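For reference, the chains in residue letters:
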Amino acid sequence: MSRAAAMSMSSVSWTVSWTVSLLLLLIRLMGVKMVPDIVCKHLSSQNIRSLHQDGDVIIGGLLNVHYIPSSLTQDFTKEPHYQPCTGLDLESVKHMYAMAFAAEEVNANEELLPGVKLGYRIVDSCGRYPWGLQAALSLITGNADTCNITASSGASDPAAQTSLQPVPLLIGASSSTTGIMLSRILGPLSVPVISYLASCPCLSDRTKFPNFFRTIPSDIYQARAIARLAVRFRWTWVGAVIANTDYGHLAIQEFQEEIRGKGVCVEFIETVYRSTIDRDSRRAALKIQASTARVILVFCWYTDVHQLFLQLTKLNVTDRQFLASEAWSTSDVLLKDPDVSAMAAGVVGVAIRSSQMPGFENYLRNLHPARRPDDDFLIEFWEKEFGCRVRDTASSYFSASSSSPTKDSAQKVSPPRCSGTESLQGALHPFTDTSQLRVAYNIYLSVYAAAHALHSLLSCSSNISTCSSPENIRPEELLQHLNNVNFTSPQGEMFYFEGADTPAKYDLVNWQRTAGGSKLKLVLIGHVDGFDLHLDESAVQWRTGSSQVPVSVCSESCRPGTRVATRKGEPVCCFDCLPCTEGEISNISGSPHCEPCPSEFWSNADRTACVPLQLDFLSFNETLGITLTTAAVTGATVTTAVLLVFLYYHQTPMVRANNSELSFLLLLSLKLCFLCSLLFIGRPSVWSCRFQQAAFGISFVLCVSCLLVKTMVVLAVFRSARPGAEALMKWFGPGQQRGSVCFFTSIQVIICAAWLSLSPPVPQHDLGFQGSKVTLRCAMASVLGFSLVLGYIGLLACSCLLLAFLARKLPDNFNEAKLITFSMLIFCAVWVAFVPAYVSSPGKYVVAVEIFAILASSSGLLLCIFAPKCFIILLRPEKNTKKQLMTR
């Protein structure tokens with residue numbers, strides 16, 4: 001903001017604050033009558049015009065009929081309240097006559113204020129706070145001379161200028177700032193203020209503003225309605241341009257409060273001030289051009305929006321979707337300006353609810369200077385619209401009093417005198433268009449609210465004990481009756497105040513192109529009732545001219561299967577999308593986190609749904625199962641082949657050496673070991689789980705028992721050759737050998753029987769290693785039972801290894817103890833490695849590890865013990881003799 005602009009704003013703020021403080025002090029010390037003299041002399045010497053109608057009771061009106069043209073707002077050599085106010089606002093002129101029409105309609109109603117004529121005095125404040133203040137003080141005191149209020153009569157006879165009847169109630173405050181100022185100033189006097197446009201939520205506070213009422217909803221409702229539109233259409237990244245007033249700041253504050261926690265972020269907030277609108281709108285337009293937000297919400301007056309749209313048009317920024325507040329969503333100036341039509345197309349906004357006022361259009365069309373010769377407002381409007389002079393002298397009051405003569409103005413040709421045939425009858429003019437009355441209807445309701453409060457006060461028919469006469473109406477008494485107003489309007493609408501407010505009702509409107517495409521029209525697309533939003537989305541035409549909703553996001557919504565990951569130091573609306581990990585899903589767009597699947601489910605490939613886990617077990621159909629099956633069958637086949645060789649050569653010394661029965665029994669047990677591994681492959685069942693462990697444990701104990709007895713026999717044979725040890729062999733005869741094998745094996749049978757009867761293995765789903773599959777395996781219900789089975793096998797193996805190691809150097813050409821030693825070393829090494837591999841293997845690979853241990857240990861025994869013997873039997877038959885075997 002420039003230094004001049006800052007000084008201008010500071011001056012206005014200081015003036016108003018000084019006036020308020022002075023007024024409240026003087027009210028208490030000197031009385032009301034003396035206050036306007038001082039206040040008005042301090043503020044300015046401007047003459048303020050009004051429209052007046054006599055009556056038994058007079059109500060005041062404060063409207064902005066004129067405005068300071070934008071071409072003059074940059075003149076910082078003058079204070080704002082001294083700048084000429086020459087711009088005539090046609091909508092505000094209509095609003096002024098809406099108040100007059102309502103008063104005349106009340107007077108025509110025999111049931112409302114019977115015998116009492118309702119008059120009015122409507123003052124033009126030009127939207128300037130000091131002018132509005134001095135006009136309000138003059139209205140409530142009845143002293144017009146002090147503040148230079150010139151009254152234009154609505155009837156044929158002008159009202160006296162010097163002494164006017166004080167008004168007990170004021171209808172006005174076209175802005176929240178004005179409403180706050182008037183309510184605080186008039187509050188100590190208990191003068192009611194009914195506003196038709198002040199929508200600041202702060203004005204709902206009855207403790208601070210007990211005398212304030214309004215017929216427009218609080219901005220809370222429109223800000224929340226706009227926020228819900230953003231949430232509904234998933235506009236998560238928006239920009240905002242607001243008026244640098246209470247209206248703009250409080251509206252955006254309510255908007256941000258409503259979107260909190262709903263995934264909508266505001267990228268920027270630009271403020272514009274009416275007195276510096278050219279510079280501010282340029283800055284805001286550049287910000288919009290540079291931003292990535294495609295949806296811009298605007299809480300400004302329509303004149304400010306017009307300047308903003310002109311700047312955006314110069315920058316060729318046409319790809320933004322605008323959300324309009326009620327301050328400009330129905331502006332004819334913007335709708336009908338071809339310079340901004342490309343920018344304004346598709347605007348969606350919240351609008352003051354519209355209604356009909358039967359008879360008002362005819363009332364406007366019947367207005368004519370000939371019937372209202374003292375109505376300066378009508379005359380100025382007439383001359384502006386028809387380009388002629390009604391009076392001999394210049395009628396533009398503010399222009400004549402504010403502008404200085406120049407050489408150029410002296411040469412201007414005076415417009416012709418009006419012929420008197422000019423008329424609004426039958427003319428298509430925005431001034432006479434009453435199809436959608438919004439602010440005018442608010443003013444209309446304000447007059448009816450005042451009339452019903454006066455009716456209640458004067459008729460003494462209410463529950464309130466106070467009542468009065470038209471000549472002695474006290475504002476504080478009228479305030480009590482206004483708080484309890486409850487009536488049905490001529491349109492059939494129930495009307496009442498909830499504190500300062502009325503039930504919130506809005507229209508939702510859309511700016512759409514006409515059939516030709518060159519103009520814009522206002523289309524109703526829904527309504528707001530309190531906090532409820534009702535919208536017909538199919539009726540919306542967006543800026544592109546289609547029904548495709550615009551997209552305005554900082555980051556595209558994360559698709560299902562991913563989650564939102566916020567970026568450090570950036571708003572929550574700016575994020576990255578990370579895929580869900582295995583076992584987690586997100587099935588909605590924009591999910592903040594991934595949900596884990598239930599225990600028996602797993603995520604699909606896209607991470608969008610949980611699917612039942614696939615049942616997994618070691619089957620005969622898969623590669624691993626086929627490989628292990630082939631190995632087991634091969635081992636069993638080789639063992640069978642060796643058994644056949646031994647049967648065929650059972651009479652040879654190699655076979656008969658060291659008890660051939662044990663060799664046959666050992667081959668049989670090895671074959672069982674190979675075949676028992678097949679029980680571990682395939683879908684586990686109750687019986688397969690029980691049988692596989694019993695077969696495994698008994699087969700290996702039988703195998704190791706044979707080797708242990710063989711080793712013991714070898715040791716006994718060579719020990720018996722020593723002198724005095726001949727009796728040792730009687731303990732290791734064939735019967736004792738068979739008995740020993742049966743004894744050792746029976747112990748394992750007893751262990752397996754006890755284990756399987758008390759706590760057998762059962763089929764169970766293994767979720768220990770989470771994945772897309774659940775492993776069906778035999779769970780060890782009793783770890784002790786399984787440990788005893790393995791421990792007993794280990795005990796026999798270690799004993800066998802120890803004995804074989806002791807017999808490894810016995811003097812014999814073919815010492816079987818050496819073969820047993822090597823085989824036991826391999827056997828023990830395999831099963832020692834088996835334990836950690838078994839514990840750490842996932843899923844079905846636990847079974848594969850156990851099968852591999854069985855096959856590896858069985859193959860080691862088969863090769864180490866029988867491969868050398870088969871080699872001699874089949875390939876070196878000359879060595880298969882007793883002499884050869886006994887030679888050292």
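Residues numbered from 1 in each chain as written. Predicted model: local features only at pLDDT ≥ 70, side-chain atom pairs only at ≥ 80, totals over all residues. Heavy atoms only, no water.

**Quick notes on the overall build of the protein chain**
A tally of helices and strands in the protein chain yields 26 helices and 28 strands. Within the protein chain, buried positions represent 52% of all 888 residues. (Helix = DSSP H or I, 4+ residues; strand = E, 2+ residues; numbered from the N terminus. Buried < 20%, exposed > 50% of the residue type's maximum accessible area, 1.4 Å probe, protein only.)

**Re the sheet that holds strand 11 (residues 265-272)**
With mixed pairing, eight strands are arranged side by side in an open sheet as 11-10-12-13-14-17-18-19. Of all the strands in the sheet, the pair left with one neighbour each is strand 11 and strand 19 (532-535). Each strand of the sheet is rotated relative to its neighbour by a mean of 25 degrees, with strand direction disregarded. As paired elements, strand 10 (residues 237-243) and strand 11 share seven bridges and run parallel to each other. The partner of Ala 243 across the bridge, within strand 11, is Val 272. (Pairing = 2+ DSSP bridges. Axes fitted to C-alpha atoms, helices over the stretch in contact; angles between N-to-C directions.)

**A short note on the state of the cysteines**
Counting across every chain of the model gives eight disulfides. Note that Cys 580 is cross-linked by a disulfide to Cys 594, the S-S spacing being 2.0 Å. On the S-S bond that ties Cys 580 to Cys 594, the torsion sits near -80 degrees, and the link is left-handed. One end of the pair, Cys 580, is in the loop between strand 21 (575-579) and strand 22 (584-585); the other, Cys 594, is in the loop between strand 22 and strand 23 (595-596), with 14 residues separating them in the sequence. According to the relative accessible area criterion, Cys 594 is buried, its value standing at 11%. (Disulfide = S-S within 2.5 Å.)

**Quick notes on the packing of aromatic side chains**
Under the criterion given, the structure shown has 31 aromatic pairs. Measuring from centroid to centroid gives 6.4 Å for Tyr 97 and Phe 431, while their planes differ by 85 degrees, and the two rings are edge-to-face. With Tyr 97 in helix 3 (residues 90-108) and Phe 431 in the loop between helix 15 (407-410) and helix 16 (439-459), this residue pair connects regions lying 334 residues apart in the sequence. Since its relative accessible area comes to 1%, Phe 431 is described here as buried. Measuring from centroid to centroid gives 4.8 Å for Tyr 648 and Tyr 649, while their planes differ by 80 degrees, and the two rings are edge-to-face. By the ring-pair criterion, three or more aromatic residues cluster together here, those being Phe 101, Phe 360, Tyr 363, Tyr 441, Tyr 444 and Tyr 448. (Phe/Tyr/Trp six-rings, centres within 6.5 Å; stacked < 30°, edge-to-face > 60°.)

**Notes on the nonpolar core**
Within the largest apolar cluster, 71 residues are counted, with the highest numbers of intra-cluster contacts made by Phe 646, Met 824, Phe 827 and Phe 866. At the level of elements, helix 18 (623-648), helix 19 (653-656), helix 20 (660-676), helix 21 (686-720), helix 22 (734-758), helix 23 (783-806), helix 24 (816-840) and helix 25 (845-875) are the ones that each hand at least two residues to this core. Here the element with the most residues in this core is helix 25; it accounts for 15 residues. Not counting residues within four places of it along the chain, the set of residues in contact with Phe 646 comprises Val 655, Ser 663, Phe 664, Leu 667, Phe 866, Lys 869, Cys 870 and Ile 873. Ranked by size, the runner-up nonpolar core spans 69 residues in total, among them Ala 103, Leu 424, Tyr 444 and Leu 479. (Core = buried A, V, L, I, M, F, W, Y, C linked by side-chain atoms within 4.5 Å. Contact = heavy atoms within 4.5 Å.)

**Looking at the sheet that holds strand 27 (residues 762-766)**
On the basis of which strands lie adjacent, the open sheet formed by three strands has the order 26-28-27 and mixed pairing. Two strands lie at the open edges of the sheet, namely strand 26 (614-616) and strand 27, each paired on one side alone. Between one strand axis and the next, the sheet turns by 30 degrees as a mean value, whatever way the strands run. The sheet contact formed by strand 27 and strand 28 (residues 773-779) spans five bridges and is antiparallel. Each residue of the ladder has a partner; that of His 765, found in strand 28, is Leu 776.

**Quick word on unusual backbone geometry**
Positive phi is not limited to glycine here, since Ser 190 has a value of about 60 degrees. Note on placement: Ser 190 falls in the loop between helix 5 (176-186) and strand 8 (193-195). Its identity as a non-glycine residue notwithstanding, Arg 234 has a phi of 60 degrees, on the positive side. When you line up the elements, Arg 234 lands in the loop between helix 6 (219-232) and strand 10. A relative accessible area of 67% places Arg 234 in the exposed class.

**Focus: helix 8 (residues 277-290)**
In a regular helix each residue adds 1.5 Å, so 14 residues correspond to 20 Å; helix 8 covers 20 Å between its end C-alpha atoms and thus fits that length. Burial in helix 8 covers these residues: Ile 277, Asp 280, Ser 281, Ala 284, Ala 285 and Ile 288. The buried residues of helix 8 all sit within an arc of 135 degrees when viewed along its axis, so they share a single face. Residues of helix 8 that are buried in the fold lie against strand 10, strand 11, strand 12 (295-299) and helix 9 (302-314). (Expected span 1.5 Å × (residues − 1). Arc of directions from axis to C-beta.)

**Quick notes on helix 22**
Under the 1.5 Å per step criterion, the end-to-end length of helix 22 is 36 Å for 25 residues, consistent within 8% with the ideal 36 Å. All buried positions along helix 22 are accounted for by Gln 737, Val 741, Phe 744, Thr 745, Gln 748, Ile 751, Cys 752, Trp 755 and Leu 756.

**Some thoughts on the environment of Pro 192**
Secondary-structure assignment places Pro 192 in the loop between helix 5 and strand 8. Given the relative accessible area of 0%, Pro 192 is considered buried. Considering only alpha carbons, one finds Pro 192 and Glu 477, 285 residues apart in sequence, at a separation of 10.0 Å. Those residues in contact with Pro 192 that sit more than four places away from it in its chain are Pro 168, Leu 169, Leu 170, Asn 211, Phe 213, Pro 475, Leu 478, Leu 479 and Leu 482.

**Observations concerning the confidence of the model for the protein chain**
On average, the protein chain scores 82 in pLDDT, and the residues at 70 or more come to 83%. Counting interchain partners and residues more than four positions distant, the pLDDT-below-50 stretch residues 1-45 has 69 contacts. (pLDDT = per-residue confidence, 0-100.)

**Examining the pattern of salt bridges**
Under the criterion given, the structure shown has 22 salt bridges. Across the pair Arg 260 and Glu 257 runs a salt bridge, and its minimum N-O distance is 2.5 Å. What makes Glu 257 partly exposed here is its relative accessible area of 46%. The partner of Asp 616 in a salt bridge is Lys 844, and the shortest N-O contact between them spans 3.5 Å. Here Asp 616 is found in strand 26, whereas its partner Lys 844 is found in the loop between helix 24 and helix 25, with 228 residues between them in sequence. Per residue, the accessibility class of Asp 616 equals that of Lys 844, and both read buried. Bridged by salt links that share partners, the residues Arg 224, Arg 228, Glu 258 and Lys 262 form one connected network. (Salt bridge = Lys/Arg side-chain N within 4 Å of Asp/Glu carboxyl O.)

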